[in-house]
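# Tertiary structure, described
The chain contents come next:
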Amino acid sequence: MYATFWSLVPPIVAIVLALITKEVYSSLFIGIVTASLFCTQFHVVSAYTMMFEEGFIASLADASHVGILIFLVVLGTIVVLMNRAGGSSAYGKWAQSRIKTRRGTLLATFALGVLVFVDDYFNCLTVGSIMQPVTDKHNVSRAKLAYIIDATAAPVCMIAPISSWAAAVAGVASDTDGLDLFIKTIPYNLYSLLTIAMILMIICLDIDFGPMKKHEDNAKKGDLFTCGKKVEDDGSMRAISTKGTVIDLAVPVIVLIICCVTGMIYTGGFFEGESFIKAFAGSDAALSLSMGSALALLFTIVFYVSRKVLTFKDCMDAFPDGFKAMIGPILILTFAWTLSKMTNMLGAREYVSMIFEGSASHMTALLPAIVFVVAIFLAFSTGTSWGTFGILLPIVAGINLPSELLVITVSACLAGAVCGDHCSPISDTTIMSSAGARCDHINHVTTQIPYVVLAASVSFVGYCIAGTVQNAWIVLAICILILLALLLGIRKFVSVREVEG
């Protein structure tokens, strides 16, 4: 079964089961069991041993994974502290006095998501915790909040040169400046750009379709969750101080951003003489975020105690509650990482690489569109965009393409990886977007898939055109017009259906 279609069956099983049963833990576990059986040719005892030894334990022993888990727990603790200090509720009251409409709330959420561009993990959890009280006040569904968080995480990071994602392109080819290539791909990154444009269009034109429309219609009546499992408030997030102000939210968040950025340039070698941009691009994201968030947590405790907003005991009590708030995402991430590792042991990367090398290199004009589709499929199946870069970028760079076509094809690879990762139920950013919005995970996945499919379809058309035209601005203008026309058509169709209904 190695390096054959069977290598992709376990993640497909997990994804299909998750969408059917709307239960993610058992679905991922069954996918892991399937992969283990395939790896050992159905030897049950060996499969059971492998599932733990080379699956769960090996995944949790990975340094980058541990760094992400530390970051999640620390960030969860900071969020609990901000809420208990009254900073979040103070910000909510301040924002509610200035943001009067649902549209204004959604635009504010979008703007905050764009501003927090340094890292997608940081974006997902920070934006959700800050904007959740405001969106709840204006009856925005948790599914819509999760979508905006998700759509302004990886897609925004993918077009920001100063972000942890720039490291995915640096060093693609030994004779190419990876960062320079990354910057050149930005205008051709159609999926990321169209996703950002689509958010603005659906907010300004008040367009919702698919399962999301049901969630939004119900939210306007007060049901923010729509038959999804509501994340219950256990009291850990409630304010226990009456002295909190907006400063108690703003200062820790600003310090957190500064500490995380400093951590990134530190691990990238900035203080050893490397340039700021290259240090940022070459940083160890997991190590940087865990170190930066820990320092920010220490500052937050000192800040609150010195202001007498919280006592030292109150701050210490936030640690277990911060961990409990992240148990769901941690469990899903552990299962997802294990499934991805087992899938790679089956040779999924080699199988996709063989298909790609055997057919795509002979179709030059359509090469960007082909790469885009392959990247989507691989990222969706494995739940990792970074893994997709690692597989496809060296292949693309080795085809010996003309310079402009190389830029377009690399961009198609990056866009497809983000797209597949964006809508995959086993993607870490999808999981953390659900956590940030405190939204049922399967609800988030099912409501955002139609939006992802629309942006991906227009992007595919764009890459078909780009392979021939090779002008980013012409292609982008055509794609935006197509997207706008489709959205207006969808709004008209939905309106007619409502009238007929």
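Residues numbered from 1 in each chain as written. Predicted model: local features only at pLDDT ≥ 70, side-chain atom pairs only at ≥ 80, totals over all residues. Heavy atoms only, no water.

## So, the overall build of the chain
Helices and strands together make up the secondary structure of the chain, namely 24 helices and zero strands. Counting across all 501 residues of the chain, residues that qualify as buried make up 57%. Taking contacts inside the chain between residues at least 6 apart in sequence as the whole, the part at least 24 apart equals 80%. Accessible area for the chain stands at about 19700 Å²; split by element, carbon and sulfur atoms hold 67% of it. (Helix = DSSP H or I, 4+ residues; strand = E, 2+ residues; numbered from the N terminus. Buried < 20%, exposed > 50% of the residue type's maximum accessible area, 1.4 Å probe, protein only. Contact = heavy atoms within 4.5 Å. Areas by Shrake-Rupley, 256 points an atom, 1.4 Å probe, with all protein chains shown as cover.)

## Quick look at the environment of G347
You can see G347 is positioned in the loop between α17 (327–345) and α18 (348–359). Note on G347: relative accessible area 0%, which makes it buried. Taking C-alpha positions, G347 is 4.2 Å from A3, a pair spaced 344 residues apart along the chain. Discounting residues that sit within four places of it in the chain, G347 has contacts with Y2, A3 and S7.

## Description of helix α8 (residues 142–151)
Along an α-helix, residues three or four positions apart point the same way, because every turn accommodates 3.6 residues. Burial within α8 is extensive, with ten of its ten residues counted as buried. Every buried residue of α8 is listed here: R142, A143, K144, L145, A146, Y147, I148, I149, D150 and A151.

## Topic: the nonpolar core
Counting residues in hydrophobic clusters, the biggest one holds 131 residues, and the most contacted among them are Y147, Y191, M198 and L487. For this core, the leading source of residues is helix α21 (residues 403–423), giving twelve residues. Not counting chain neighbours up to four residues away, the residues in contact with Y191 comprise F372, A415, V418, C419, H422, V452, A455, A456 and S459. In terms of nonpolar packing, the next biggest core, distinct from the first, is built from six residues, V9, M50, M342 and L346 among them. (Core = buried A, V, L, I, M, F, W, Y, C linked by side-chain atoms within 4.5 Å.)

## Quick word on the side chain of T343
Along the chain, the position of T343 falls in helix α17. A relative accessible area of 1% places T343 in the buried class. In this structure T343 touches S7, P11 and A348, once residues within four positions along its chain are discounted.

## With respect to the packing of aromatic side chains
For the coordinates displayed, the defined rule picks out 13 aromatic pairs. Plain terms: the ring middles of F52 and F56 are 5.6 Å apart, the flat faces sit at 40° to each other, and that makes the pair tilted. Highlighted residues: F52 and F56, both in helix α3 (residues 44–61), separated by four residues, approximately one helical turn. Between F299 and F303, the aromatic rings sit 5.7 Å apart at their centres with planes inclined by 15°, giving stacked as the arrangement. Remark: F303 and F299 occur in helix α15 (residues 285–307); sequence separation between them is four residues, near one turn of the helix. Note on F299: relative accessible area 33%, which makes it partly exposed. What links up through ring pairs into an aromatic cluster is the set F29, Y48, F52, F56 and F335. (Phe/Tyr/Trp six-rings, centres within 6.5 Å; stacked < 30°, edge-to-face > 60°.)

## A word on the packing of helix α11 (residues 190–204) against helix α23 (residues 441–469)
Look at α11 against α23: their axes get within 9 Å of each other, and the N-to-C directions meet at 130°. Viewed along their axes, α11 and α23 adopt a mutual orientation that is oblique. The element α11 and its partner α23 pack so that their crossing is right-handed. Touching L190, Y191, L194, T195, M198 and I202 of α11 are Y451, V452, L454, A455, A456, V458, S459, G462 and Y463, all from α23. (Axes fitted to C-alpha atoms, helices over the stretch in contact; angles between N-to-C directions. Parallel < 35°, antiparallel > 145°, perpendicular 65-115°, else oblique. Left-handed = near helix turned anticlockwise from the far one by under 90°.)

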